[in-house]
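A structural walkthrough
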Amino acid sequence: MADDRTDVTIGGRHLTLTNLGKVMYPGDGFTKGEVIDYYVKIADVLLPHLAERCVTRIRYPDGIGDLRFYEKNAPKGTPDWVHTENIPTPGSSKGRDSLDFVMVDDVATLAWLGNLAALELHPFQWKLTARDDERRPDRLVADLDPGEGAGMPECVEVAGILRDRLAEDGLTAYPKSSGKKGIHLCCPISAEQTDEEVSGYARRIAYELAESHEDLITANMRKTHRTGRVFIDWSQNNAAKTTVAPYSLRNQPNPTVSTPVTWDELEPGFNGGFSPEQVLERIERHGDLWEPVFATGPRVPDA
């Protein structure tokens with residue numbers, strides 16, 4: 001494919017976009033240009049969920065398929081107007097003491113990342129204001145992942161069970177589709193506790209529910225324990241872990257979006273496969289269903 005170049009101004013920044021007609025999603029021919037257009041249009045509701053958070057990107061240089069790579073460090077050639085922060089990364093698999101994370105805090109950065117085929121955006125649970133040993137999450141998350149023989153109906157059932165259990169401890173859970181086969185729950189919390197405390201609590205609740213619903217739920221990460229069950233991934237609350245952002249695209253043959261939903265929508269027929277067009281229409285009707293996540297929540301109980 002010829003290296004077609006298009007000069008544009010987005011959010012007051014000059015960008016040179018390339019290969020806008022390149023197919024990113026082979027299922028329906030969704031192009032790089034359409035990826036960028038979606039991220040520009042969704043920016044007003046997406047950016048607040050990325051604000052002050054380091055973001056890991058998953059890049060698909062040839063579109064959805066086998067070739068992909070996770071990127072934390074700002075790539076070579078990053079424009080000088082892109083906000084980066086040098087963050088300590090002890091124990092990094094790359095052997096580096098720190099990395100220059102991209103801070104996705106404006107629409108131009110979103111468009112620039114789309115041009116790099118960074119289709120998925122995965123922020124941390126803590127904000128930049130909490131660094132080093134003070135990385136205190138302001139949200140508790142749970143990734144409900146169905147194993148072989150289970151599916152979305154089981155995820156919907158587990159989401160309700162987990163919501164009710166968290167409510168017993170004063171936590172309010174907000175759901176979203178993962179954009180793939182599962183459901184994510186998010187509870188705003190106080191940002192006063194360490195990730196070890198939050199993760200320990202999430203682990204305790206996951207194992208408690210796995211014991212009381214052993215035919216439906218597992219808290220064990222091993223694949224062999226997931227058959228016919230839904231895995232409650234409590235480990236997402238570790239400070240080194242990220243979770244896909246609401247309104248981020250996902251890696252499916254057709255473009256799908258991790259989409260905030262209401263509890264009323266989580267019924268047996270729910271499939272979670274919202275397209276970019278459907279998500280933009282939902283924003284017009286409902287606004288950001290995850291806006292309540294920005295509120296300060298309570299402390300989690302001791303693990």
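Residues numbered from 1 in each chain as written. Predicted model: local features only at pLDDT ≥ 70, side-chain atom pairs only at ≥ 80, totals over all residues. Heavy atoms only, no water.

Structural notes on the pattern of salt bridges
- Tallying each qualifying case throughout the model produces 14 salt bridges.
- Its salt-bridge partner being E71, residue R59 comes within 3.0 Å of it at the nearest N-O pair. A residue pair is termed long-range when its members are at least 10 positions apart, and R59 in strand β5 (residues 55-59) and E71 in strand β6 (residues 69-71) qualify at 12 residues.
- Classification of R59 by relative accessible area gives buried; the value is 15%.
- In this structure, D145 engages K181 in a salt bridge whose closest nitrogen and oxygen atoms are separated by 4.0 Å. With D145 in strand β10 (residues 139-146) and K181 in the loop between β11 (174-177) and β12 (183-188), this residue pair connects regions lying 36 residues apart in the sequence.
- The exposure class assigned to D145 is buried, which follows from its relative accessible area of 19%.
- Through salt bridges with shared partners, a single ionic network connects R165, E168, D169 and E208. (Salt bridge = Lys/Arg side-chain N within 4 Å of Asp/Glu carboxyl O. Helix = DSSP H or I, 4+ residues; strand = E, 2+ residues; numbered from the N terminus. Buried < 20%, exposed > 50% of the residue type's maximum accessible area, 1.4 Å probe, protein only.)

Points about the packing of aromatic side chains
- As enumerated under the stated definition, the model contains 5 aromatic pairs in all.
- An angle of 75° between the planes, with centres 5.8 Å apart, marks the rings of F101 and F124 as edge-to-face. Of this pair, F101 sits in strand β8 (residues 98-102) while F124 sits in the loop between β9 (118-123) and β10, and the two are 23 residues apart along the sequence.
- The class for F124 is buried, based on a relative accessible area of 4%.
- Taking 6.2 Å as the distance between ring centres and 55° as the angle between the ring planes, the aromatic pair formed by F270 and F274 counts as tilted. Like F270, the residue F274 is buried in the burial classification.
- In this structure an aromatic cluster arises from ring pairing among F101, F124 and W126. (Phe/Tyr/Trp six-rings, centres within 6.5 Å; stacked < 30°, edge-to-face > 60°.)

Looking at helix α1 (residues 32-50)
- With 19 residues, α1 should cover 27 Å at 1.5 Å per step; its first-to-last C-alpha distance of 21 Å lies more than 12% under that length.
- K32, V35, I36, Y38, Y39, I42, A43, V45, L46, L47, H49 and L50 are the residues of α1 that are buried.
- Phi turns positive, to about 65°, at E52, one or two residues after α1. (Expected span 1.5 Å × (residues − 1).)

A few points about the layout of surface pockets
- The computed volume of the largest pocket comes to approximately 810 Å³.
- Lining the largest pocket are 33 residues, with D143, D145, K180, Q236 and R250 positioned closest to its centre.
- Only β5, β9, β10 and β14 (230-233) provide two or more residues apiece to the lining of the largest pocket.
- Across the lining of the largest pocket, the residue classes break down as 8 nonpolar, 12 polar and 13 charged.
- Counting contributing residues per domain, the lining of the largest pocket is built from domain 1 (5-123) and domain 2 (133-242 + 256-302), each supplying no fewer than three. (1 Å grid on protein atoms, 1.4 Å probe; cavity = no way out; pocket = protein on both sides within 12 Å on 5 of 7 lines; lining within 4 Å. Points joined across faces, edges and corners; volume = space filled by probe spheres on them. Nonpolar A, V, L, I, M, F, W, Y, C, P; charged D, E, K, R; others polar. Domains from an automatic or database assignment.)

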